Amino acid sequence: MDAFLNQTIDAYYLRIMIIIGINIILALGLNLITGVTGQLSMGHAGFMSLGAYASAILSIQLDAPFALALLGGALVAAFFGFLIGIPTLRLEGDYLAMVTIGFAEIIRVFFLNFGPGGKAVGLSGIPQNTGFTVVWLLVLVVIILNRQLLTSRVGRSFYAIRENEIAAESCGINTTRVKVLAFTVGSLLGGLGGGLYSHYMYYINPQDFGFMKSIELLNMVVLGGMGSIPGTIIGVVLLTSLPEMLRIVDEYRLLFYGALLVILMIFRPNGLLGDVRIYDIKKWWGKKGGRGT
Amino acid sequence: MNILEMTKISEEFGGLRAVDNVSLSVLPREILGIIGPNGAGKTTLFNIITGIYVPTEGQLLFKERRIDGLAPHDIARLGIARTFQNIRLFGKLSVLDNVRVGRYGVTRSGFWSGLLRLPGGRREEKETELRAIELLELVGLADKRHEYAQYLAYGEQRRLEIVRALALDPSLLLLDEPGAGMNAGEKEELMAFVRSIRDQLELTIILVEHDMNLVMNICERIAVLNYGRKIAEGTPAQVKNDEQVIQSYLGAGV
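Residues numbered from 1 in each chain as written. Chains lettered and ligands numbered in written order. Predicted model: local features only at pLDDT ≥ 70, side-chain atom pairs only at ≥ 80, totals over all residues. Heavy atoms only, no water.

Visitor: Describe the pattern of salt bridges, listing the residues and the values that go with them.
Guide: Residues and elements named next belong to chain B. All chains considered together, the criterion is met by 24 salt bridges over all chains. The closest approach of N and O atoms between Arg100 and Glu129, which form a salt bridge, is 3.4 Å. You can see Arg100 sitting in helix α3 (residues 95-102) and its partner Glu129 sitting in helix α5 (residues 119-138), a full 29 residues away along the chain. Glu161 is the partner of Arg164 in a salt bridge, and the nearest nitrogen-oxygen pair spans 3.8 Å. Pair noted here: Arg164 and Glu161 are both in helix α6 (residues 154-166), with a separation of 3 residues, about one helical turn. For the pair shown, Arg164 and Glu161 are each scored as buried. Connected through salt bridges with shared partners, the residues Glu12, Arg17, Asp20, Glu57 and Arg229 form a single ionic network. (Salt bridge = Lys/Arg side-chain N within 4 Å of Asp/Glu carboxyl O. Helix = DSSP H or I, 4+ residues; strand = E, 2+ residues; numbered from the N terminus. Buried < 20%, exposed > 50% of the residue type's maximum accessible area, 1.4 Å probe, protein only.)

Visitor: If you had to explain the interface of chain A and chain B to someone new, which residues and values would you point to?
Guide: The interface of chain A with chain B comprises 33 residues on the first partner and 37 residues on the second. For the pair chain A and chain B, the summed buried surface comes to about 3100 Å²; carbon and sulfur atoms form 58% of the total. Interface area lost by chain A to chain B is led by A:Arg153, A:Arg156 and A:Cys171, which between them contribute 25%. Where chain A touches chain B, the interface holds 1 salt bridge. For B:Glu125, the salt bridge identified is with A:Arg156, shortest N-O distance 3.0 Å. The tally of links between chain A and chain B comes to 13 residue pairs in polar contact (both at pLDDT 80 or more). Among the elements of the structure, α6 (132-150), α7 (153-163), α8 (165-170), α9 (175-201) and α13 (278-287) of chain A are those that each provide at least two residues to the side of chain A that touches chain B. (Contact = heavy atoms within 4.5 Å. Buried area = accessible area lost by both parts, 1.4 Å probe. Polar contact = N/O pair within 3.5 Å; in protein donor to acceptor, adjacent residues only side chain to side chain.)

Visitor: Got a sec to walk through the nonpolar core? Specific residues and values, please.
Guide: With 85 residues, the main nonpolar core has A:Ile22, A:Phe158, A:Ile173, A:Ile204, A:Phe209 and B:Phe90 as its most contacted residues. When residues in this core are grouped by element, the largest group, 14 residues, is from helix α2 (residues 11-36) of chain A. Not counting chain neighbours up to four residues away, the residues in contact with A:Ile22 comprise A:Val135, A:Gly193, A:Leu196, A:Tyr197 and A:Tyr200. Counting 46 residues, the second largest nonpolar core, distinct from the first, contains B:Ala81, B:Val99, B:Phe193 and B:Ala232. (Core = buried A, V, L, I, M, F, W, Y, C linked by side-chain atoms within 4.5 Å.)

Visitor: Please provide a residue-by-residue account of empty space enclosed by the protein, values included.
Guide: Summary: where empty space remains is shown by rolling a probe the size of a single water molecule over the atoms. What the rule picks out here adds up to 3 cavities of 30 Å³ or more. Size it by volume and the largest cavity reaches roughly 70 Å³. The wall of the largest cavity is formed by A:Ile166, A:Glu169, A:Ser170, B:Thr50, B:Ile52, B:Pro72, B:Ala76, B:Ile80, B:Ala81 and B:Arg82. Of the pockets and cavities examined, the second largest cavity occupies roughly 50 Å³. Within the residue set of the lining of the second largest cavity, elements represented by two or more residues are α7 of chain A together with α3 and α5 of chain B. Ranked by residue count, the leading element in the lining of the second largest cavity is α5(B), at 3 residues. (1 Å grid on protein atoms, 1.4 Å probe; cavity = no way out; pocket = protein on both sides within 12 Å on 5 of 7 lines; lining within 4 Å. Points joined across faces, edges and corners; volume = space filled by probe spheres on them.)

Visitor: Residue-level account of the layout of surface pockets, with values.
Guide: Space inside the largest pocket adds up to approximately 1500 Å³. Taken together, 47 residues make up the lining of the largest pocket; nearest its centre are A:Arg147, A:Thr151, A:Tyr159, A:Arg277 and B:Asp97. Listing elements by their share of the lining of the largest pocket, those giving two or more residues are α6, α7, α11 (229-245) and α13 of chain A together with α3, α4 (111-115) and α5 of chain B. Taken together, the residues of the lining of the largest pocket sort by class into 19 nonpolar, 14 polar and 14 charged. (Nonpolar A, V, L, I, M, F, W, Y, C, P; charged D, E, K, R; others polar.)

Visitor: Talk me through the environment of A:Ile233; I want residue IDs and the actual numbers.
Guide: Residue and element names in this part refer to chain A. If you trace the backbone, Ile233 turns up in helix α11. What makes Ile233 partly exposed here is its relative accessible area of 21%. Residues Ile233 and Phe4, 229 residues apart in the sequence, show an inter-C-alpha distance of 26 Å. Apart from residues no more than four positions distant in its own chain, Ile233 is found in contact with Ile24 and Ile143.

Visitor: Please give an account of the side chain of B:Lys42 that cites residues and values.
Guide: Residue and element names in this part refer to chain B. Residue placement: Lys42 occurs in helix α1 (residues 42-49). We note that Lys42 is buried and unpaired, the nearest opposite charge coming from Glu177 at a distance of 5.1 Å. Of note is the side chain of Lys42, whose polar atom sits 3.2 Å from the backbone oxygen of Pro37. If near-sequence neighbours (up to four positions away) are discounted, Lys42 is found in contact with Ile34, Ile35, Gly36, Pro37, Val208, His210 and Leu225. (Lys, Arg positive; Asp, Glu negative; His and termini not counted.)

Visitor: How would you summarise the sheet that holds strand β1 (residues 4-13) of chain B if you had to cite specific residues and measurements?
Guide: Residue and element names in this part refer to chain B. On the basis of which strands lie adjacent, the open sheet formed by 4 strands has the order β2-β1-β4-β5 and antiparallel pairing. Each end of this open sheet is capped by a strand with a single partner; those strands are β2 (16-26) and β5 (65-66). Packed onto the sheet, α1 meets β1, β2 and β4 (57-62) and runs at close to 115 degrees relative to β1. (Pairing = 2+ DSSP bridges. Axes fitted to C-alpha atoms, helices over the stretch in contact; angles between N-to-C directions.)

Visitor: Tell me about the sheet that holds strand β8 (residues 204-208) of chain B, residues and numbers included.
Guide: The strands making up a sheet associate through hydrogen bonds between their backbones, and the pairing can be parallel or antiparallel. Residues and elements named next belong to chain B. Judged by pairing direction, the sheet is mixed, and its 6 strands sit side by side in the order β6-β7-β8-β3-β9-β10 without closing on themselves. Edge positions in the sheet fall to β6 (80-82) and β10 (229-234), since each has one partner strand and no second. Across the sheet, the mean angle separating the axes of adjacent strands is 20 degrees when strand polarity is ignored.

Written out as structure tokens, the structure is:
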């Protein structure tokens, strides 16, 4: 399959599509934490780097099969998500954001000094196992499981916490536990995305997972629409391909990128699909040209 | 047997005694009103019963079981449901989902069951949905079940909040100013509704209210709070003629 794709599709586009796939997995993880459960996390790249390094080390040092390396990376990230979630999720809003930034920085500095991870030089020689098929199969699985979770009893409690924590408690939801759960699952996806990333790039460096990466992922979730799975996917596709398309304007690329973000946030403050549901679209369609959403 | 038994409950915030040495018994299937001027400690009392605050002193028994010190979600699961003075709905969830979340405390299916759509969880989901629609029909909101809760009219939001509380299959329901912001006609309707759910669902109801008319009409017993202390308790007629109550509501010398 991959060999066939390599022959038919231009390597440049194939690369963008693979990165879009990896970003979808990462962003859907962050969407669970920030978009759905409403816990502002600005350190998602930290979990990504945990997954990237853990799976890379498993592959290089222990010769682990690819699936096992990915799983290991995801589990390591989930474990740290769980560990950090317990004390920090008692904080709210800005405070949680600060703690998550701090945590991601700690991880980055840790890998800067971590011998088996190659320190500041980075880690190279990771087997390039990630291909189009693997990534998009995983994307499919992640989307389906995400959807099933979010329409279940536990998934609804995620949304309830975002909407009103006190009311959620009064409905019998153990909000602390549910928040830690959302954080753990989100971190797991962060780790999975990180593992795919390191096995695609075959070279990773602590700087790949800095603050800007966290913000980039957060942008995708916010721009697409907090809590919406299709929204997050659209956010990822736009924000991953836009910088590529803007290569025409060359050095003004980032300027345009920033301006586009500002414009989008003015006209769709809830994100592109933030409060759009299939039900609304159907209703709108039924009225034929009536008022939308 | 009293369904709820408060013994010498006090709550201090810094130097302020918001609730001062209040003892109160609630009988099964009665409608008890708690009235008092602003800042009398009515809502604080609700927050103590539902576990949002832990009382500084005193003890709280629900069905002969101590509940002071339990977390709010544990108390909810025991069967105490409430509404809020300032409506707290899940605005960006559909009306139906609001009620479904309300059933969280009485349903069991967990993370894996939801993630993998296991048959047990699916069965429970179906039951949850049926029950939710049944409850919504009770207040005439079934047709609007797919709307976002935040787009409902004010009166509808109040009703939805009550229905969400009922979804917990509670034995004790706390209503915090259910009639706030309603006109006379809507209040009539509300009173009839509160009575009907008490009869149909065999509930005990405590309500905090400012509107004397509403309270006098609907409650079988009334407790009056002032500055955190209970100053009177009895039937509406008794309370209406109580010296202290008249004083605290109308001022001395009337």
